[in-house]
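Close look at the chain arrangement
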Amino acid sequence: EQGNYADVVGTYANAENGKYFTLKEDKTIAGLSTDKYVYAKDGSIILSDGTVYTKNEDGISMSGTIYKKIATTYKVSFYSDEKTIKEVIVPKGFACKSVSAPTKKNYVFSGWMNNGSVYDFTSAVQSDIKLEANYAFIHISDYSPYIKGYFDDNSKILYCLKKDGVAEIYEGGI
């Protein structure tokens, strides 16, 4: 028999291990490797991968690790070309984890920007923020096994070495 989901909906965090997750009203989860859960009347929270958490007066526990419910959370929104890629809920005082780099034809992803500055994913989130994908235009020609290119900004020539799908940018020769 299912319990009252309003009792468990929210964001939970463990300050010692830096991990956090959100149990949503629609019985989905953000921040864990599984995506759905069931809340049983006995206080068990059963994830779709079979993992069992237990709700108690301290929060939610699993294998001795306590995740406390967090009252204050912030929304970190990731955008690319003014389109939302993902929105993440982060507990106050925790750092946001980066999301996968977006791709854009003829461009190389160069980082996430917040108000014109490169965002530091090691700093604690203190408010709702909007991160915009930053790209650099690159002309690419294939010189197997490398892809070399240069930026078309007329100020300097940069070379791009593409390895395992990730572009590494170097100034000058490779």
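Refer to the structure above for everything that follows.
The rules behind these values
Residues numbered from 1 in each chain as written. Predicted model: local features only at pLDDT ≥ 70, side-chain atom pairs only at ≥ 80, totals over all residues. Heavy atoms only, no water. Helix = DSSP H or I, 4+ residues; strand = E, 2+ residues; numbered from the N terminus. Buried < 20%, exposed > 50% of the residue type's maximum accessible area, 1.4 Å probe, protein only. Contact = heavy atoms within 4.5 Å. Areas by Shrake-Rupley, 256 points an atom, 1.4 Å probe, with all protein chains shown as cover. Salt bridge = Lys/Arg side-chain N within 4 Å of Asp/Glu carboxyl O.

**A short note on the overall build of the protein chain**
Helix and strand counts for the protein chain stand at 0 helices and 17 strands. Taking all 174 residues of the protein chain together, the buried fraction comes to 33%. Across the protein chain, every contact between residues at least 6 apart in sequence was considered, and the portion connecting residues at least 24 apart equals 41%. Carbon and sulfur atoms provide 47% of the accessible area of the protein chain, an area that totals close to 10,900 Å².

**Looking at the environment of Ala136**
Relative to the assigned elements, Ala136 resides in strand 13 (residues 129–137). Between the C-alpha atoms of Ala136 and Phe109, which are 27 residues apart in sequence, the distance is 6.7 Å.

**So, the pattern of salt bridges**
Side chains bearing opposite charge may pair, as long as their charged atoms lie close to each other. All chains considered together, the criterion is met by 3 salt bridges. Among the ionic pairs, Lys75 bridges to Glu87, the shortest N-O distance being 3.8 Å. Residue Lys75 is located in strand 9 (residues 73–80), and its partner Glu87 is located in strand 10 (residues 83–91); the two are separated by 12 residues in the primary sequence. Residues Lys104 and Asp81 are paired through a salt bridge, measuring 3.2 Å at the closest nitrogen-oxygen approach. Here the residue Lys104 occupies a position in the loop between strand 10 and strand 11 (107–114), and Asp81 occupies one in the loop between strand 9 and strand 10, the gap between them amounting to 23 residues. Owing to a relative accessible area of 43%, Asp81 belongs among the partly exposed residues under this scheme.

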